[in-house]
Amino acid sequence: MPEPRFPHASGAVLLLHGGRAHSLAPPSPLNLPDLRMRAFARALGQDPRHADILIGYVRYRVRGWNAERADPVHDTRHALAELADVAGPVPVVLLGHSMGARAALRAADDPHVRGVVALAPWCPPGEPVTHLAHRTVIALHDAADTMTSATDTWAYLRRAEAAGARVRGVRMPGGRHTMISRSNLWHTLATHSTAEVLGLGPPPHTPAPETVWNAGPLDAAMFSHGPR
């Protein structure tokens, strides 16, 4: 977590970047997936609702998911334990992209995790969902994404909803997998979503976003105000 560490934080957001299906190599010093998530961290830090919310990053030992090893899931659980040591039993939102979103969804059974905001998540058929009961899952995905499947994401959300999760699927109008196009909209909706999971109200003099819960996919325009 960036310094200073706030021992009296009211909540936390942990960011998880993407990776590869298979790789035992450590992340490179110039880690583009990590840099992509730093932009989301800046958006969170500039939002007044997150003023007393810790923002941290999960560091992976290796770049890949690696089949049944599911390496980033173990790293995420270790990060959650470290966070509890630093900040105590605060509510946590996991904000993950691609492989990081898959790891976040797997690790959402941690008792401190309120929910997951999944950006272009990797949700292959058969991913477990029963542990998501009483959690919130919000997924943002562009149907034009060719790296991960938005169709798989909506199917995952429907199964999670049936298992007792509160879910929302949002169809993004651009960005594909890298989220570079329409990046401001991705940042805005991700920030709104983490605040919503933590139960934080809208900024002063700002219209509250819609509170519709549905596996969708729902139009991103429902949850944004003005051009992005």
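Above this text sits the structure in question.
Quick summary incoming for the structure in this document.

Basis of the calculations
Residues numbered from 1 in each chain as written. Predicted model: local features only at pLDDT ≥ 70, side-chain atom pairs only at ≥ 80, totals over all residues. Heavy atoms only, no water. Helix = DSSP H or I, 4+ residues; strand = E, 2+ residues; numbered from the N terminus. Rg over C-alpha atoms; globule rule 2.2 N^0.38 Å. Buried < 20%, exposed > 50% of the residue type's maximum accessible area, 1.4 Å probe, protein only. Contact = heavy atoms within 4.5 Å. Areas by Shrake-Rupley, 256 points an atom, 1.4 Å probe, with all protein chains shown as cover. Lys, Arg positive; Asp, Glu negative; His and termini not counted. Charge placed at Lys NZ, Arg CZ, Asp CG, Glu CD. 1 Å grid on protein atoms, 1.4 Å probe; cavity = no way out; pocket = protein on both sides within 12 Å on 5 of 7 lines; lining within 4 Å. Points joined across faces, edges and corners; volume = space filled by probe spheres on them. Nonpolar A, V, L, I, M, F, W, Y, C, P; charged D, E, K, R; others polar. Salt bridge = Lys/Arg side-chain N within 4 Å of Asp/Glu carboxyl O. Core = buried A, V, L, I, M, F, W, Y, C linked by side-chain atoms within 4.5 Å. Pairing = 2+ DSSP bridges. Axes fitted to C-alpha atoms, helices over the stretch in contact; angles between N-to-C directions.

If you tally the helices and strands in the protein, you get five helices and seven strands. Taking 2.2 N^0.38 as the reference for a compact globule, 228 residues should give roughly 17 Å; the C-alpha atoms of the protein span a radius of gyration of 16 Å, in line with that estimate. The principal-axis extent of the C-alpha atoms belonging to the protein is close to 45 × 40 × 35 Å. Residue burial in the protein is summarised as follows: out of 228 residues, 54% are buried. Of the contacts made within the protein by residues no fewer than 6 positions apart, 70% connect residues no fewer than 24 positions apart. Counting every atom, the protein has about 10,300 Å² of accessible surface; 55% of that belongs to carbon and sulfur. Distance from the positive charge centre (23 side chains) to the negative charge centre (19 side chains) of the protein: 3 Å.

A few words on empty space enclosed by the protein. The final tally for this structure, using the stated rule, is one cavity of 30 Å³ or more. Looking at the largest cavity, it is lined by 10 residues, and the ones nearest its centre are Arg-168, Leu-189, His-192, Ser-193 and Phe-223. Mapped onto the lining of the largest cavity, the elements with two or more residues apiece are strand S5 (136-142), strand S6 (166-172) and helix H5 (183-198). A total of four residues in the lining of the largest cavity trace back to one element, the largest contributor, which is H5. Taken together, the residues of the lining of the largest cavity sort by class into six nonpolar, two polar and two charged.

Right, let's get into the pattern of salt bridges. Applying the stated criterion to the full structure yields nine salt bridges. With its nearest N and O atoms 2.9 Å apart, the salt bridge here joins Glu-127 to Arg-106. Taken together, the positions of Glu-127 in the loop between strand S4 (113-119) and S5 and Arg-106 in helix H3 (residues 99-106) put the pair 21 residues apart, joining distant regions of the chain. Since its relative accessible area comes to 6%, Glu-127 is described here as buried.

What follows deals with the nonpolar core. Among the nonpolar cores identified, the biggest contains 40 residues, and Leu-14, Val-92, Leu-94 and Leu-132 are the most heavily contacted of them. Taken together, the elements giving at least two residues each to this core come down to strand S1 (11-16), helix H2 (71-87), strand S3 (92-97), H3, S4, S5 and helix H4 (150-162). Apart from the residues within four sequence positions on either side, Leu-94 is in contact with Leu-14, Leu-16, Thr-76, Leu-80, Ala-104, Ala-107, Val-113, Gly-115, Val-116 and Val-117. The next biggest cluster of nonpolar side chains, apart from the first, holds 27 residues, and it includes Tyr-57, Met-172, Val-197 and Ala-220.

Our focus in this paragraph is the sheet that holds S3. The seven strands are arranged S2-S1-S3-S4-S5-S6-S7 in an open sheet whose pairing can be described as parallel. Strand pairing shows two members of the sheet lacking a second neighbour, strand S2 (53-57) and strand S7 (214-219), which therefore form its edges. Strand-to-strand, the axes of this sheet are offset by a mean angle of 15°, without reference to chain direction. Bridge analysis of S3 against S4 gives six bridges, and the strand direction is parallel. Across the sheet, Leu-94 pairs through a bridge with Val-116, a residue of S4.

As a further point, take H3. Burial runs high along H3: seven of the eight residues are buried. Considered for burial, the residues of H3 that qualify are Met-99, Gly-100, Ala-101, Arg-102, Ala-103, Ala-104 and Leu-105. Looking at the buried side of H3, the elements it contacts are S1, H2, S3, S4, S5 and H4.

So far we have only geometry, and geometry alone does not tell us how the molecule works.
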